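A structural walkthrough
For reference, the chains in residue letters:
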Amino acid sequence: MNISMKWLKDYTEINCDTKTFMDKMTMSGSNVEGVEVLGEEISGVVVGKILEIEQHPDADKLVVTKVDVGTEVKQIVTGAKNINVGDIVPIAMPGAELAEGLKIKSGKLRGVESDGMMCSVEEMGLDPMYWPDAPEHGIYIFSEAYPLGSDCKPIFGLDDQIVEFEITSNRPDCFSVIGLAREAAATLGTDFIYPEVSFTEVETDQVKHIDEVAKVEVLAQDLCPRFVAKVLVDVDIKPSPKWMQDKLRSAGIRPINNLVDITNFVMVEMGQPMHAYDMEELAGGKIIVRRAGDGEIMMTLDGEERELDSSMLVIADEKEVIGVAGVMGGEGSKVKDNTGMIILEAANFSPASVRKTSKKIGLRTDASTKFEKHLDPNNALLAMERACQLAEMIGAGKVLKGTIDIDAESRKSTKVAYDPDRINSLLGTDIPESFMIEVFKNLEFEVNVIDRIVEAPTFRNDIEREADLAEEVARLYGYDKLPVTLATGTPTVGKKSFEQKMEDLTRQIMEDCSMNEAMTYSFESPKAFDKLALPEDSQDRVAVTIDNPLGEDFSVMRTSTMNGMLQALSNNYAKRNEVVRLYEIGTIYQPKAIPLTELPKESKKLTIGMYGECDFFTLKGVLETLFEAMNCLELAGWDPNLELSYLHPGRKAKVMLGEKEIGYIGEVHPNVCDAYDIEDKAYVAVIDVASLLKKASFDHKYTPVPKYPAVTRDLAMLVKEATLVGDIEKVIRQRGGKLLESVELFDVYQGEQIEKGFKSVAYSLAFRSMERTLKEKEINKTMSKILNGLETVVGATLRQ
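I will try to describe carefully the structure that is included in this document. Quantities reported herein were computed from a predicted structural model and do not represent experimental measurements.

1. Remarks on the overall build of the protein
Counting its regular elements, the protein contains 19 helices and 39 strands. Computed over its C-alpha atoms, the radius of gyration of the protein comes to 42 Å, more than 25% above the 28 Å expected for a compact globule of 800 residues. Residue burial in the protein is summarised as follows: out of 800 residues, 48% are buried. A sequence separation of at least 24 residues applies to 69% of the contacts in the protein between residues at least 6 apart. Accessible surface for the protein amounts to roughly 40,900 Å². Of this, 48% is attributable to carbon and sulfur atoms. When the 92 positive and 133 negative side-chain charges of the protein are each reduced to one mean point, those points stand 8 Å apart.

2. Things to note about the sheet that holds strand E15 (residues 286-291)
The strand order E12-E15-E18-E19-E20 describes an open sheet built from five strands, whose pairing is mixed. In this open sheet, the two edge strands, each paired with only one partner strand, are strand E12 (215-218) and strand E20 (328-329). Across three bridges, strand E18 (residues 313-316) lies against strand E19 (residues 321-324) in antiparallel orientation. When the sheet's bridge partners are listed, Ile-315 is paired in E19 with Gly-323.

3. Focus on the packing of aromatic side chains
Counted by the stated rule, this structure contains 20 aromatic pairs. An angle of 90° between the planes, with centres 5.8 Å apart, marks the rings of Trp-243 and Phe-265 as edge-to-face. With a gap of 22 residues between them, Trp-243 in helix H4 (residues 242-250) and Phe-265 in helix H5 (residues 258-270) connect regions that are remote in the sequence. In this structure Phe-265 comes out as buried when scored by relative accessible area, which is 1%. Both rings, one in Phe-435 and one in Tyr-477, keep their centres 5.8 Å apart while their planes meet at 80°; by these two values the pair is edge-to-face. Residue Phe-435 is located in helix H10 (residues 433-442), and its partner Tyr-477 is located in helix H11 (residues 466-477); the two are separated by 42 residues in the primary sequence. According to the relative accessible area criterion, Phe-435 is partly exposed, its value standing at 26%. Its relative accessible area of 26% is what places Tyr-477 among the partly exposed residues.

Scoring rules and cut-offs
- Residues numbered from 1 in each chain as written.
- Predicted model: local features only at pLDDT ≥ 70, side-chain atom pairs only at ≥ 80, totals over all residues.
- Heavy atoms only, no water.
- Helix = DSSP H or I, 4+ residues; strand = E, 2+ residues; numbered from the N terminus.
- Rg over C-alpha atoms; globule rule 2.2 N^0.38 Å.
- Buried < 20%, exposed > 50% of the residue type's maximum accessible area, 1.4 Å probe, protein only.
- Contact = heavy atoms within 4.5 Å.
- Areas by Shrake-Rupley, 256 points an atom, 1.4 Å probe, with all protein chains shown as cover.
- Lys, Arg positive; Asp, Glu negative; His and termini not counted.
- Charge placed at Lys NZ, Arg CZ, Asp CG, Glu CD.
- Pairing = 2+ DSSP bridges.
- Phe/Tyr/Trp six-rings, centres within 6.5 Å; stacked < 30°, edge-to-face > 60°.

In structure tokens:
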């Protein structure tokens, strides 16, 4: 924010040079980016009065003038067409320096002596846009009679310095001259002088009170917590006085007329944007604060038509929209030169609403920039009263009796307890409590010394806890005065969590199995759902949509890692990599409800993909290796009852740990491979990491080398072709009891000797006791239990 030093000094004494002031303000938390010295390159320009104008004897386009510059009369030759005798103009004396390094010397123009030059605002280094009374091409003529021979720089406001402050978003109160003046007073230890506000409310013969001519209805109080309105009558639109124009120009604002200038002046001075509406253009004399309708059109003051939607807050009358709340007013209700009655608005709008609206319609203004910072609603009434005072002071109009003030949600001051010892402990200082109290009072905090409670004003909503008070003390005490000490405390040793260690183990096992880690995008295209042949009612098609995507290919958050993995396999296949082994630990995003009312559910998945010199059992072996490393292999199971559109119907299975399904494994459906241009068999597995980690552990159990021998038995049986070997092994382990040490499948056979629809499976069983040598009778008894169970549960018969 750029602030004029002269304007700042209206509210506090600055008893040091600008360099010292900038350093102190920076150290107290109001960072100064730089300073611009206005008119630094301008010198030797004084006020002169034209006494005579005669035609140049040898040039039709030149005139010879006599100009009184106070101490003498100068002869100046000029080509200006807009001057007359008696005009008071800026005169660059011989030796003067103007903008862009122009130096003035005495000389002759077409044979006639010229001892100086009349100046335009451009030659004074000024932008004519900010000088509405300056001619487009010509000499600037003063509207007031200044002392002849006096320096022109103060008249043009070039005796000032503009300081650029970097204001953080948590200090919206400092986006104003008064806010920074308050900070300057507290920093320098000087008095802060708040402008005394007073004005007279009037009644007219036609109207006695504001309620007779104006009404305000706020329909969207969640987006407009405060709306204050006053009416001005007997309005006289004219240029504002020079002192007001100078202050506005110093803030980079173009003076327009007294009424508009008042609203801009109050916005810069008090940080509260305002707006004025022509009562004659206000349908029904009523202001309605509401949400816009989808597709509603209005023309803003810049002459552009804006299309609105229902997310935007607008100011309307009974017929149409007359302003975009917090951004810009409408063309139809702007104040005209013949306006007799206007209504002033000082409101508070939701910062999020203003920010989104400003971005959507592509219009960012001084007002919207301030509203985005969460202004104090209580400042609206103070700003309105200041505007009424200025209107009365400069003759812009009379203030009609009465105020409309809709206050839906007043901001309350914050009370915070403080303890000087704790503050000193936090800062590492020994600052007296009396100094702390002085700091709080200088910042306009109310202090209850007995109970040690500070009440922060509503414009300081950044004060929430004692640490915030400690910061206020530190910055005004001086960060440079804080002692430098070594940090104290008990050191702690950082370590990885169980989940992080298991992820590291997973990566290690994957890489030991010749896998390469892949990283795929969390953003995907909706077209991926069709490539995976997902059914129309699949839950995986319900995805979080990105509001501002990079493009259609990145417009939704992924609900499955399968598309990313298959795309990675496809890219490798296109580059003629014959054998590919990939894995990824990535997150999927599943919305809990559509439309979104809360953040989506995030789940971490281990995804494995491979093709070339592999089959289903290769991938199954990788998972078993992982489960073994995590001490949960004995819980692993494989259930073929799985329905997934992108897997081969006969080569797929659910991955189980105990009774819990934790993922799936299978061969990719040939049609899906075609969709991804993979002309080879591809195999994939997806494991839910959280479910896996619930069963995993680092607790390895070791048993001593057995002292007693093992006894082996081979078992060959006939079972139906559809019988799963996993079910057979489950029965064998259950019936084998503690004596059964291992089960190993060594043969599966179907052929001429086997009845159609059946298969022969053969296992090698090992029995051992850790306490004694087993007897034949014990083994036979256990084998009988196993055979009985196999016959009963899976319908197996011994092969003869």
